[in-house]
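Take a look at the letters that make up each chain.
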There are 2 protein chains.
Amino acid sequence: MRRGGGKSTYDRILDMALMLFSEKGYKGTTMRDIAAKVGIRQGGIYNHFKNKDEILEKLVNDMMKSSALLSLFDSLDADPQSYTKGKSVLSKIATTFKLLSFDPKNEALFRLMIQELFRNQTVRDLYYEKFYQENVKRLSSIFFRMMQDELIKSSDPLMLANEFFSPLFFYQLQVILLKTDGKSTSSAVTLFEKHVDIFWESIKAGNDYGGRTSTLF
Amino acid sequence: MRRGGGKSTYDRILDMALMLFSEKGYKGTTMRDIAAKVGIRQGGIYNHFKNKDEILEKLVNDMMKSSALLSLFDSLDADPQSYTKGKSVLSKIATTFKLLSFDPKNEALFRLMIQELFRNQTVRDLYYEKFYQENVKRLSSIFFRMMQDELIKSSDPLMLANEFFSPLFFYQLQVILLKTDGKSTSSAVTLFEKHVDIFWESIKAGNDYGGRTSTLF
DNA sequence: GTCTATAGGAGGATAGAC
DNA sequence: GTCTATCCTCCTATAGAC
């Protein structure tokens, strides 16, 4: 560890490795590439990591602990009032997705995750349990409570969660792809809000009073 | 070319390379791996391809020409009656997505595409123009015609296309991931139909006659 | 067209001086 | 902890016999 805000070599290796892995893939990145970015010689990395795999493992394990999305869910859970607001909760979630697309660290993690999804069992398990299942479960309980409060129509909360989540994931992929090519993201960015608008209109408890959209609770 | 239905070595190299690339990634696959699967020696591949890159290029270029989804759109365009059926058109598209998840060749292409998306400019261009843009544009024109026929509510066709497409893409990813781990896909498979149900309910021209859902056409 | 053999190089990892 | 030097393995690609 170095003092004065400077990062330790260990941390710098992780940072640079993440950037390189996310750009060129794990196999496409050499220890020499990483060392060069860090500013040390290739052999120097082995003072901090046993081998290349250990760097990837450490990065993958850190993914779990740094989910800005789950933090948001936690803060929503802590505030019982939040569920009564209905659409604004969904907007907050969509906005978080949008902002994460522009966070360099999250972008790199996303790219790494996608690239290693089929090649790496650990990444796949992590994606499925901690990213997909966890987020959909959290969303599901939000929709369930909204149904209880008769804010939205009664239906399958888990299915709603899937339907709300999947476009957000997809739009984030689009934004990150556009950024990769240095293209404008302006049109893709509007998709997040529009998704919330369309989705909310389709689930909200009937403005069309007396319609077939009665809640069963 | 060999006679009698047997595939040429050239084609077998492409087939095996696609399978291996989709499992272990381009960089993670060696020429020896490919040769072993084909049943020839490593050097023999160079009688058919200049180098490893040329195999990938050929595979990538073939992706364009083999889109079962675009074939479906073409057949829909050829049948003017199809649009009047409304929901069944969407079901047909969703079912195609679902079936493609279980087509080995499509699955391999999907995996290859995802893995190379960030690493390979050509794959990225292809994904964006031929896969994303093209499909969304086709969907968009379907929704536009449905609006003209007052089958569905009036709104932005392009946005509807995005909202309809993105869950299908996402669910296909889930199915393929589950298959990768040999897990059951039964729960994921139902998502396709449920998506169509939910989506159609949210866009169809009002059953609630006289509501705020009037079409503007 | 496929084989063997090999060139040529890149990449991961270690040893030992400082 | 970082450096230099080196080892060794693995890989792509080529040359030439069959």
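Residues numbered from 1 in each chain as written. Chains lettered and ligands numbered in written order. Predicted model: local features only at pLDDT ≥ 70, side-chain atom pairs only at ≥ 80, totals over all residues. Heavy atoms only, no water.

(A) Molecular detail of the interface of chain A and chain B. Counting from both sides, the interface comprises 44 residues of chain A and, opposite them, 44 residues of chain B. Buried surface at the junction of chain A and chain B, summed over both partners, amounts to about 3,900 Å²; 66% is from carbon and sulfur atoms. Our count for the contact surface shared by chain A and chain B stands at two salt bridges. Close ionic contact of D181(A) with R124(B) constitutes a salt bridge, the shortest N to O distance being 2.8 Å. (Contact = heavy atoms within 4.5 Å. Buried area = accessible area lost by both parts, 1.4 Å probe. Salt bridge = Lys/Arg side-chain N within 4 Å of Asp/Glu carboxyl O.)

(B) Representation of the packing of aromatic side chains within the structure. Tallied over the entire structure, the rule returns 36 aromatic pairs over all chains. Through successive ring pairs, a cluster of aromatic residues spans F97(A), F110(A), Y127(A), Y128(A), F131(A), Y132(A), F165(A), F169(A), F170(B), Y171(B) and F192(B). Between the NZ or CZ atom of K52(A) and the centre of the ring of Y26(A), over which it lies, the distance is 4.5 Å. (Phe/Tyr/Trp six-rings, centres within 6.5 Å; stacked < 30°, edge-to-face > 60°. Lys NZ or Arg CZ within 6 Å of the ring centre and 35° of its normal.)

(C) Region of the structure containing the domain arrangement of chain A. Residues and elements named next belong to chain A. Per the domain assignment, the segments of chain A are domain 1 (9-50) and domain 2 (55-203). For domain 1 versus domain 2, the separation of C-alpha centres amounts to 29 Å. Across the contact, 18 residues belong to domain 1 and 14 residues belong to domain 2. For the pair domain 1 and domain 2, the summed buried surface comes to about 1,300 Å²; carbon and sulfur atoms form 74% of the total. Area buried by domain 1 at its contact with domain 2 is led by L18, S22 and Y26, which between them contribute 42% of it. Two residues, K105 and D15, come together in a salt bridge whose shortest N-O distance is 4.0 Å. Inspection of the region where domain 1 meets domain 2 yields two residue pairs in polar contact (both at pLDDT 80 or more). Contributing elements (two or more residues each) for the side of domain 1 that touches domain 2: α1 (9-24) and α2 (31-38). (Domains from an automatic or database assignment. Polar contact = N/O pair within 3.5 Å; in protein donor to acceptor, adjacent residues only side chain to side chain. Helix = DSSP H or I, 4+ residues; strand = E, 2+ residues; numbered from the N terminus.)

(D) Inspection of the pattern of salt bridges at higher detail. Across all of its chains, the model carries 28 salt bridges over all chains by this definition. The partner of K24(B) in a salt bridge is D33(B), and the shortest N-O contact between them spans 3.2 Å. Overall, D33(B) belongs to the partly exposed group, its relative accessible area being 22%. Of the charged contacts, one joins K179(B) and E107(B) as a salt bridge, the two residues approaching to 2.7 Å between their closest N and O atoms. Here E107(B) lies in helix α6 (residues 104-116) and K179(B) lies in helix α8 (residues 157-180), a separation of 72 residues in the sequence. One salt-bridge network, held together by shared partners, links D74(A), D77(A), E134(A) and R138(A). (Buried < 20%, exposed > 50% of the residue type's maximum accessible area, 1.4 Å probe, protein only.)

(E) Structural view of the protein's contact with DNA strand C. Near DNA strand C you find 14 residues, and of these M31(A), Q42(A), R41(B), N47(B) and H48(B) are the closest. A breakdown of the atoms of DNA strand C within 4 Å of the protein gives sugar and phosphate a share of 61%. Between DNA strand C and H48(B), the relevant distance is 2.6 Å, taken from a phosphate oxygen to a side-chain nitrogen or oxygen of the residue. Looking at side-chain class alone, the surface near DNA strand C contains three nonpolar, eight polar and three charged residues. (Near = heavy atom within 4 Å. Nonpolar A, V, L, I, M, F, W, Y, C, P; charged D, E, K, R; others polar.)

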